[in-house]
Protein chains: 2
Amino acid sequence: MNTESSSLLVKDIGEQGLLQILQRFCPTEIIGDDAAVIATELEQSLVVTTDVLVDKIHFSELTTSAVDVGWRAAAANLSDLAAMGASPLGITVGLGLPGDVSVSWVEQMYVGMTQCLQQYNTPIVGGDVVRSPVITIAITAFGQAYPQRIIRRNQAQVGDTIIVTGVHGASRAGLELLLHPEKGENLSPEETKALISAHQRPQPRLDVLPILWQILGSSQFAIAGMDSSDGLADALVQICRASNVGAVVERTQIPLPPAFVHWLTKEQALEYSLYGGEDFELVLCLPKEPAYKLVQILGQGAAAIGKITNGSTVVLHDQKQEFPDQVLTFSQGFQHFS
Amino acid sequence: MNTESSSLLVKDIGEQGLLQILQRFCPTEIIGDDAAVIATELEQSLVVTTDVLVDKIHFSELTTSAVDVGWRAAAANLSDLAAMGASPLGITVGLGLPGDVSVSWVEQMYVGMTQCLQQYNTPIVGGDVVRSPVITIAITAFGQAYPQRIIRRNQAQVGDTIIVTGVHGASRAGLELLLHPEKGENLSPEETKALISAHQRPQPRLDVLPILWQILGSSQFAIAGMDSSDGLADALVQICRASNVGAVVERTQIPLPPAFVHWLTKEQALEYSLYGGEDFELVLCLPKEPAYKLVQILGQGAAAIGKITNGSTVVLHDQKQEFPDQVLTFSQGFQHFS
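Residues numbered from 1 in each chain as written. Chains lettered and ligands numbered in written order. Predicted model: local features only at pLDDT ≥ 70, side-chain atom pairs only at ≥ 80, totals over all residues.

- Labelled according to an unreviewed UniProt entry, chain A appears under the name Thiamine-monophosphate kinase, originating from Fischerella muscicola CCMEE 5323.
- According to UniProt, the comment filed for chain A under the heading Pathway (unreviewed entry) is "Cofactor biosynthesis; thiamine diphosphate biosynthesis; thiamine diphosphate from thiamine phosphate: step 1/1."
- Per UniProt, chain A has the following entry under Sequence similarities (unreviewed entry): "Belongs to the thiamine-monophosphate kinase family." (UniProt positions renumbered as here; feature names shortened; annotations may be inferred.)

What follows is the structure, given as structure tokens:
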């Protein structure tokens, strides 16, 4: 924390004062014009995604420090780019701030964003700071992708193998542990830390893309996919609906955090993994051979979890027949206005 | 107004219901993935700008209908692109909405954005809709520009002629007439309408760019400039500060709306034109010959208003010596947090 500014409030330094502080987080060559200029590579398409986060709705001081708010906001947008097969070029940040927010909160939020972005050499290329009665963070992320490599939801083919790039349910479990620490009594400190970290510092899976392109080489088939930010069940249903196909997913193949085995009932573990959300893994549909190759190279929780069928539903099947087949529907986690 | 939805509130249809309505305003081919894909032209750079607007701070139901809120939001962002010499590719719209906003307000706001954007074939390529205690509109616009044609604030050269692409003060006068209609007693209905329209439906000056490129042909000099959204005085001071130069501006050459002559005192007219803001004209610095050619072709209020000097201040000079010379400073119109 910057001690100089730790007691200052946003209203003490005004919009211009705050902009000067925040510009330290941006490359110097892009500051000071009406807009930022970014070089793009030839023959790539521009990929754009945007997210709005509002205090007390999308984040809370109870579970999320300013640094983590920034990290998660950046990670969510980079994850959307990864889900399209795009490598990031930059982000813009629009901030709405009440006057009584401390300058150091805003600085720490930028520290978090920058920490996440720097892993992928992604600059903050622009922004806006305005007064607002509620802290609001509007991020737009830009990336580039080769048109023939763009990952879309509507490209799943009957027979494709469905893979996930990592475990599911960890972020939801981490949130539970932050809200109710007493629930973690049976967990080791390492297990607790790993689950909380999954919630506070999710990693966008941009690392998957170069591996995927290498496996695919010059093959021309389309890859379907999206990220699992709204839950694994949601991603599976969205892809199948957009592609006009069905799927069978094998319950026992869904990769879970190791701690779940001794900590949660099978039902609870399944609920966290299917509906918990915010794991920011990729759910991809592609032919069997490259799919298994990708899972093998990724290791660490990546798994083939099912197959695309010519049906119209996503069926959760249990090889061990411990549980009856079940049709997956959208998560009930959608935000409703109220 | 769509009668079907005129009585519905946002909370009645939820985020998904609203998204379905708003997607009608977007090109169908870009809906349904984690991000939008946009083709760019070879050899052009990406130009990005972002703005956040908050209810009761940046717009008010007193003076601005939903359609006008949308138009002005789109116009402000397109103006930032024009000020960089960039042609628009698309915008993203992040919306924060309280549950008790009517669906038709949101639709009408999109109608306004779309009306403004369609003049320049610019699509809404993505967005996000979330709950918020206050209506918040976060727009990011992106365009493309040839690197050697990018207009920057820091490129003004001693000896450059300073031009403006249109009259200044009209938007501020229009706002005054909306807030205090009785002040317009001495204006004709046409004059009143023109001033109010300047406030409610400002035009980004993207039309200036092709004319400018044609005049410049293959010449290689850099053009300095920005838009006058924060006021003409602000633009002049910003350009001079960024370019490390001074300027002399001729008071009598600043183009004013025709109605000002018989309606306002000279002092009031000057204040509106220098500090009123939101005229969204371009303020450009370039060599004398192309500068005068541009003014001539643009007509309609465009004017050469001064010269870049090797000083460090912007001096407002009066040819007629009616007023003493005056050093311009930043507008006092900056938003302060309180």
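And the narrative resumes.
Some words on helix α3 (residues 103–118) of chain A
All names here are of chain A.
1) Next: In this model, α3 (16 residues) spans 22 Å end to end at C-alpha, consistent with the 22 Å of a helix rising 1.5 Å per residue.
2) Next: Most of α3 is tucked away, with 12 of its 16 residues classed as buried.
3) Next: Listing the buried residues of α3 in full gives Val 103, Ser 104, Trp 105, Val 106, Glu 107, Gln 108, Met 109, Tyr 110, Gly 112, Met 113, Cys 116 and Leu 117.
4) Next: Here the buried face of α3 lies against α1 (10–22), α2 (66–84), β3 (87–97) and β4 (124–131). (Helix = DSSP H or I, 4+ residues; strand = E, 2+ residues; numbered from the N terminus. Expected span 1.5 Å × (residues − 1). Buried ≥ 20, exposed ≤ 12 C-beta atoms within 10 Å, placed from the backbone. Contact = placed C-beta atoms within 7 Å.)

Regarding the relation of the copies chain B and chain A
1) Next: It takes a turn of 180° to lay chain B on chain A, together with a shift of 0.0 Å along the axis; the resulting RMSD is 0.0 Å. The relationship between the two copies is best expressed as a two-fold rotation axis.
2) Next: Taken together, the interface assignments show that 100% of the residues at the interface of chain B recur at the interface of chain A, consistent with an identical surface on both copies. (Least-squares fit on C-alpha atoms with pLDDT ≥ 70 in both.)

Quick word on the nonpolar core
In summary, soluble globular proteins display a tendency toward joint burial of nonpolar side chains.
1) Next: In terms of nonpolar packing, the biggest core is built from 214 residues, with A:Leu236, A:Val283, B:Val47, B:Leu236 and B:Val283 touching the most fellow members.
2) Next: Every residue in contact with B:Leu236, bar those within four places of it in the chain, is listed here: B:Ala247, B:Val249, B:Val283, B:Val314 and B:Leu328. (Core = buried A, V, L, I, M, F, W, Y, C linked by C-beta atoms within 7 Å.)

Side note on unusual backbone geometry
1) Next: With phi around 40°, A:Gln300 is a residue other than glycine that occupies positive phi space.
2) Next: Positionally, A:Gln300 belongs in the loop between α10 (288–298) and β10 (303–309).
3) Next: Unusually for a residue other than glycine, B:Asn244 sits at a positive phi of about 60°.
4) Next: Take B:Asn244: it is sitting in the loop between α7 (232–243) and β8 (246–250).
5) Next: For B:Asn244, a count of 11 C-beta atoms within 10 Å corresponds to the exposed category.

A word on the packing of helix α2 (residues 66–84) of chain B against helix α3 (residues 103–118) of chain B
All names here are of chain B.
1) Next: Axis separation between α2 and α3 bottoms out at 6 Å; the angle between their running directions is 40°. Judged by the angle between their axes, α2 and α3 are oblique. The element α2 and its partner α3 pack so that their crossing is right-handed. Judged by residue contacts, Ala 66, Val 67, Asp 68, Val 69, Gly 70, Trp 71, Ala 73, Ala 74 and Ala 75 of α2 engage Trp 105, Gln 108, Met 109, Tyr 110, Val 111, Gly 112, Met 113, Gln 115, Cys 116 and Leu 117 from α3.
2) Next: For the contact of α2 with α3, the residue count by class is 14 nonpolar, 4 polar and 1 charged. (Axes fitted to C-alpha atoms, helices over the stretch in contact; angles between N-to-C directions. Parallel < 35°, antiparallel > 145°, perpendicular 65-115°, else oblique. Left-handed = near helix turned anticlockwise from the far one by under 90°. Nonpolar A, V, L, I, M, F, W, Y, C, P; charged D, E, K, R; others polar.)

Some points on the pairing of strand β11 (residues 314–317) of chain A
One face of the sheet, then the other: side chains in a regular strand alternate in exactly this way.
Residues and elements named next belong to chain A.
1) Next: Side chains of β11 alternate between two faces, with Val 314 and Leu 316 buried and Val 315 and His 317 left unburied.
2) Next: As paired elements, strand β8 (residues 246–250) and β11 share 4 bridges and run parallel to each other. Counterpart to Glu 250 in the pairing with β11 is His 317.
3) Next: The pairing of β11 with strand β12 (residues 326–328) spans 3 bridges and is antiparallel. In the strand pairing of β12, Val 314 is matched with Leu 328. (Pairing = 2+ DSSP bridges.)

Notes on the UniProt feature "binding site: Mg(2+) 1" (unreviewed entry) in chain A
1) Next: According to UniProt, the positions carrying the feature "binding site: Mg(2+) 1" (unreviewed entry) are A:Thr50, A:Asp51 and A:Asp128.
2) Next: Tracing the backbone shows A:Asp51 in strand β2 (residues 45–54).
3) Next: On the basis of neighbour counts, which here come to 20 C-beta atoms within 10 Å, the residue A:Asp128 falls in the buried class.
4) Next: Among all residues touching A:Asp128, those that are not within four sequence positions of it are A:Gly94, A:Leu95, B:Thr50, B:Asp51 and B:Val52.

Side note on the UniProt feature "binding site: Mg(2+) 3" (unreviewed entry) in chain A
1) Next: When the UniProt feature table is mapped onto this chain, "binding site: Mg(2+) 3" (unreviewed entry) is found at A:Asp34, A:Asp80 and A:Asp227. In summary, the annotated positions, distributed over 194 residues, remain apart in three dimensions as well, the widest C-alpha pair reaching 33.1 Å.
2) Next: Within the secondary structure layout, A:Asp80 lies in helix α2.
3) Next: Overall, A:Asp80 belongs to the buried group, with 27 C-beta atoms counted inside 10 Å.
4) Next: With sequence-adjacent residues up to four places away left out, A:Asp80 is seen in contact with A:Thr49, A:Ala141, A:Asp227, B:Asp34 and B:Ala35.
5) Next: Structurally, the position occupied by A:Asp227 is in strand β7 (residues 224–227).
6) Next: Among residues more than four places away in sequence, those in contact with A:Asp227 are A:Ser79, A:Asp80, A:Ala82, A:Ala83, A:Phe280, A:Glu281, A:Leu282 and B:Asp34.

Remarks on the environment of B:Gly70
All names here are of chain B.
1) Next: Mapping Gly 70 onto the fold places it in helix α2.
2) Next: Separated by 203 residues in sequence, Gly 70 and Ser 273 have C-alpha atoms that sit 24 Å apart.
3) Next: The contact partners of Gly 70, leaving out residues within four places of it in the chain, are Met 109, Tyr 110, Val 111, Gly 112 and Met 113.

Examining the sheet that holds strand β1 (residues 36–38) of chain B
1) Next: Taking strand neighbours across the sheet as the criterion, the 5 strands line up as β4(A)-β3(A)-β5(A)-β2(A)-β1(B) in an open arrangement whose pairing is mixed. A single partner strand is all that each edge strand has here, and the edge strands are β4 of chain A together with β1 of chain B. Geometrically, the sheet is characterised by an average inter-axis angle of 20° between neighbouring strands, direction not taken into account.
2) Next: Of the strand pairs in this sheet, β2(A) and strand β5 (residues 136–145) of chain A are connected by 10 bridges, and their pairing is antiparallel. If you follow A:Leu46 over to β5(A), its bridge partner there is A:Gln144.
3) Next: Of the strands in this sheet, β3 and β4 of chain A are in contact with α1(A), which crosses β4(A) at around 170°.

Quick word on the interface of chain B and chain A
1) Next: Contacts between the two partners involve 59 residues from chain B, matched on the other side by 60 residues from chain A.
2) Next: Counting only elements with at least two residues in the side of chain B that touches chain A, the list comes to α1 (10–23), β1, β2 (45–54), α2, β3 (87–97), β4 (124–131), β5 (136–145) and β7 (224–227) of chain B.
3) Next: The residue inventory of the side of chain B that touches chain A, partitioned by class, reads 28 nonpolar, 20 polar and 11 charged.
4) Next: Alignment of strand β1 (residues 36–38) of chain A against β2(B), held across 3 bridges, turns out to be antiparallel.

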